[in-house]
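Tertiary structure, described
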Amino acid sequence: MAKDRLYKLLGLFFAAMAIFNFPLLNLFSHSRAVGGVPLLYLYLFLAWGALIFLTMRIVASQDTSKP
Amino acid sequence: MDAGIIIFISFAYVALLFLLAFYGDKREKQGKSLVNNSGIYSLSLAVYCTAWTYYGSVGRAATSGLGFLPIYIGPAIIAPLWWIVLKKIILISKSQRITSIADFISSRYGKSTWLGVIATSIAVLGIIPYISIQLKAISTSFDLLAIGDNNIHPHSELPFFLDSAWYIAIALAIFAILFGTRNLDPNERHGGLIAAIAFESLLKLVAFLSVGIFVTYGLYNGFGDIFEAGMKRPDIARLFTLEEAGINAWEWFWLVLLSMSAVMLLPRQFHVGVVENTQPNHVGKASWLFPLYLLLINIFVLPIAIAGLIQFPNGEFEPDSFVLSLPLVHGKHILALLVGLGGFSAATSMVIVAVIALSIMISNHLVLPLLIRSSSFQEEPRPNLSNRILGIRRISIVIVLLLAYGYFKAVGEQYTLVSVGLISFTAIAQFVPAVFGGIFWKRATKKGAMASLLVGFTVWAFTLPLPTLVEAKMISADFLNNGLFGLELLKPHSLFGIQGSSHIAQAAFWSLLLNTATYFFVSLHTVQSPLEASQADLFVDIYKYRLGGTDYDIMRRRAKMQDIRILLNRFLGEARCNTLLTAFENAQRVDLSQQQAAGPELVNYAETHLAGAIGAASAKVIIGSITKEEPISLEEMFKVLEQTKEIMQYSKALEKKSLELERTTKQLKEANEQLQELDRLKADFITTVTHELRTPITSIKALSKIMLETPELPFEQQQEFLNIVVSESERLTRLINQVLDLEKIQSRQDQWALEPLDLAEVVDHAFSGLKPLMQDRNIRQELLISIRPAIVLGHADRLTQVIVNLVSNAIKFCNEEDGMVILRLKNDGPMAIVEVEDNGRGISDKDQQLIFEKFTQVSDEFRGKPTGSGLGLFITKAIIGRHQGRLSVRSEKEKGATFIVHIPMMHPPVPAARP
């Protein structure tokens, strides 16, 4: 259980490292906009939100399993 | 707005914070802590968001779009790892009573005083620019709120007594002193302070969100609207992509990395995240709550920046102050006041926590080590030192703020908030190898950490703060343009000839590269002291020690009970000293008043609690002055040795066993070979024996047949035939007897009873038995016995057999015409020697080697095969072998042969009494 969480968190970290860095950022760095909002801005904040959500899920899973 | 009102509101706000802090401390004392929950913990971590975030992010966004974001994305990326890394640091720090980041580094590397000094210096020098921008932010916002314009009075031209920043610095110093140095807590925990900080974090978030909502939904119709308005202006539209905003991958990457380290290692972050942490498990919730806070406080940054750029197309206001100027120009004074208050709280919370953290470091790692070593201190019978330590801290706070003010006056104003803040981030990042290497890599040494910090700090100082001093006209610009010592390779902004687009990325890259390389290189080439090794073990394997209890101490120290008491009194005050000792008594179930000497447990207990007040390195020195240190007692040393010995013995035994095995294998192999050889011999023997048996039987059979078939055979012929039959039968009998003899001698079961006997008698007896035979053949005979008695351990019958065999042979082979046999008994030292000499044809050298084998007979060209079985000499030799003797022959062709028997005697020989 504890090991699982460790690997999940590590995986999340590395995924975030890739998602929030170049060259992936370049994919979204153009002048297109979705509903008026620039794509890059949207991408960064949505990915950020997803990261927070996933962290919460993984960390919460340990809270319930704790004695 | 009237400056008086603003000042009044500011003071009212500070008073509110004090009330909160006071209430928080009160609750803390009652054991009903306000701050013991992960929400408050996450909010206190948000001290990360300073005036830099509050005002600076918008300023940064106005020039480089989303370029402000890496500083907040970095912490969000590293947050999932907090459960692994930050929690480990907290557990270590709790078990070691760590009081600051410098203390952490110093403790990890053997509680090194020097390392504490280096780390403190880096932290102080690195953070001063950071504090200076908070002063700048507060004074700028004050100017803006009170006067409505931020470009009238450059602070650098004002005398300090007219400068708002000066009074702000003073106020902050008082504020910090009142908050952080009211009493000396051994755990360095300030529950009230944290409550106030958390409140400030909440306020700045609410204020920032308010202005964000006002701009986005008040001035515009939401995100889409504000972005579309921006798109219409090419100079604003360029901010929406990274390349056009001037952000490159290299800089982005390094900013992310720097902020990852900053969020954990900045002195104030370490203070709120580690030192003030009440529950390691709070890290779990904080690892998503804190990033959520960051997301919320950043979501309106770009919209506000765009709105500011659209509203002030001619640069009427600095982008760093858009947050304030936007509500102001739209007449929203209350909102502006709230925003100003939010900015004030962002700056004050940072400054207060930072200077408190720095003052702890300065007092524990710079001043105390000097103080403790001074002779006046050691002689002085001062009852209570805690006031003195608090005094040192108060002075440190004032000095740090004055330095920050000085930097602000000299340099700070020419740079944006963000660019100055990043200088501090890069300085703090130099701790990364020492801290993270220290908690995961046991091999890291003190020297490695020292070298790494010094190299990193030097590169940092050279590439970042030094050039800013040039622009402040404090030092010559020469080295900036031409490189240090005129060397092109040593230009601060293009170190080693590599030109980079971003100074920060360049400086971070070079300083961290050289720093990390030095850390590993020096660590691998130096060794740890025992204390370093034990600390390394405690840090890296903290989970193991938490599970296994704390019986791990290499320092077996003892001290006088009285000394411990005095020491704790001096540094912690009497009340706290008594509380601590009572707690110890209860936990260990001992009565300390009965004890004269304090055991190692109490010494360690005292040290960890002292470390809480004055840092690990100082506590080590102080405790060291009153303890007798027995690194390990003799008994324990023996125990360790015993264990080692056991292990060594075990391995030796194993080695021996394997050697034995090898030897046995070899023996078995040899035995096997012998058996095979014996088997072959046996087969040979049987072949030979059957052959030998067949010869006489054949002749007996043939002669008997002739006599049976020819009854008319003449009598003489019959007689002759019968004679031959008889002699052949005798030969057969003899052969069979000898074979049986041989079997008896060779079989191991035939244990002869050897007993002392006189060899001379045996020889005498055997020789006289053969005399008639020799006389028959006219053989001259001679018996020469020169020792008598010749006592040997032997078997009389068998020895007689030996003599008879040898003499019979001599008779058989001696000269036919003039035969002669000589038998001698003499001695050679402890050996009895029997010699049997004949004057026959002798034995050739080649035959001499063969005659002792079974069934070998020396055949003669003239006389043919001699009579006999060929077993005689072999049996003789076997018998002598049984007597521990040996049989040899000395002979020359045509000059006769002499057989020599050596048998060991029991007693020293006595000269013969008669011939």
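All of the points below concern the structure found in this document. (Residues numbered from 1 in each chain as written. Chains lettered and ligands numbered in written order. Predicted model: local features only at pLDDT ≥ 70, side-chain atom pairs only at ≥ 80, totals over all residues. Heavy atoms only, no water.)

The next thing to look at is the pattern of salt bridges. Residue and element names in this part refer to chain B. Within this structure, the stated rule accounts for 10 salt bridges over all chains. In this structure, Glu835 engages Arg824 in a salt bridge whose closest nitrogen and oxygen atoms are separated by 2.7 Å. With Glu835 in strand β10 (residues 831-838) and Arg824 in strand β9 (residues 820-828), this pair connects stretches of sequence that are 11 residues apart. The exposure class of Arg824 is partly exposed, given its relative accessible area of 21%. With a closest N to O distance of 3.8 Å, Lys895 and Glu892 form a salt bridge. Each member of the pair, Lys895 together with Glu892, is exposed. (Salt bridge = Lys/Arg side-chain N within 4 Å of Asp/Glu carboxyl O. Helix = DSSP H or I, 4+ residues; strand = E, 2+ residues; numbered from the N terminus. Buried < 20%, exposed > 50% of the residue type's maximum accessible area, 1.4 Å probe, protein only.)

All right, on to a nonpolar patch on the surface then. Nonpolar side chains collect at one region of the surface, where Ile19, Leu24 and Leu27 of chain A lie side by side and expose about 230 Å² of accessible area between them. As for its placement among the helices and strands, Leu24 of chain A is situated in helix α2 (residues 24-28). (Patch = residues over 30% accessible without salt bridge, like charges linked within 9 Å, V, L, I, M, F, W, Y side chains within 5 Å. Areas by Shrake-Rupley, 256 points an atom, 1.4 Å probe, with all protein chains shown as cover.)

Bringing the interface of chain A and chain B into the picture now. Facing 34 residues of chain A, the contacting portion of chain B comprises 41 residues. Of the roughly 3200 Å² buried between chain A and chain B on both sides combined, carbon and sulfur atoms contribute 79%. Of all residues in chain A, Phe22, Tyr41 and Trp48 of chain A bury the most surface against chain B, accounting for 21% of the area lost on that side. For the pair chain A and chain B, the interface holds 0 salt bridges. Applying the counting rule to chain A against chain B returns 2 residue pairs in polar contact (both at pLDDT 80 or more). For the side of chain A that touches chain B, the secondary-structure elements that each account for two or more residues are α1 (2-19), α2, β2 (37-38) and α3 (39-65) of chain A. Of the residues forming the side of chain A that touches chain B, the biggest block, 12 residues, is contributed by α3 of chain A. Each residue belonging to the side of chain A that touches chain B can be placed in one class, and the counts come to 22 nonpolar, 10 polar and 2 charged. (Contact = heavy atoms within 4.5 Å. Buried area = accessible area lost by both parts, 1.4 Å probe. Polar contact = N/O pair within 3.5 Å; in protein donor to acceptor, adjacent residues only side chain to side chain. Nonpolar A, V, L, I, M, F, W, Y, C, P; charged D, E, K, R; others polar.)

This part takes up the pairing of strand β8 (residues 791-794) of chain B. Residues and elements named next belong to chain B. The alternating pattern of β8 places Val792 and Gly794 on a buried face and Ile791 and Leu793 on a face that is not buried. In this sheet, β8 lies alongside strand β6 (residues 755-758) in antiparallel orientation, the contact comprising 4 bridges. What sits directly across from Leu757, in β8, is Val792. (Pairing = 2+ DSSP bridges.)

Residue and element names in this part refer to chain B. Axis separation between helix α29 (residues 574-588) and helix α30 (residues 600-614) bottoms out at 11 Å; the angle between their running directions is 140 degrees. Taken together, α29 and α30 sit at an angle that is classed as oblique. Crossing of α29 over α30 shows right-handed handedness. Facing Leu580, Leu581, Ala583, Phe584 and Gln588 of α29, the residues of α30 in contact are Glu601, Leu602, Tyr605 and His609. (Axes fitted to C-alpha atoms, helices over the stretch in contact; angles between N-to-C directions. Parallel < 35°, antiparallel > 145°, perpendicular 65-115°, else oblique. Left-handed = near helix turned anticlockwise from the far one by under 90°.)

In this section: the packing of helix α21 (residues 432-440) of chain B against helix α25 (residues 503-524) of chain B. All names here are of chain B. Closest axis-to-axis distance for the α21/α25 pair is 9 Å, and the angle between their directions is 40 degrees. Between α21 and α25, the interaxial angle falls into the category oblique. Once α21 is placed against α25, the crossing between them reads as right-handed. Counted together, Pro433, Ala434, Gly437 and Gly438 of α21 and Asn515, Thr516 and Tyr519 of α25 form the full contact between these two elements.

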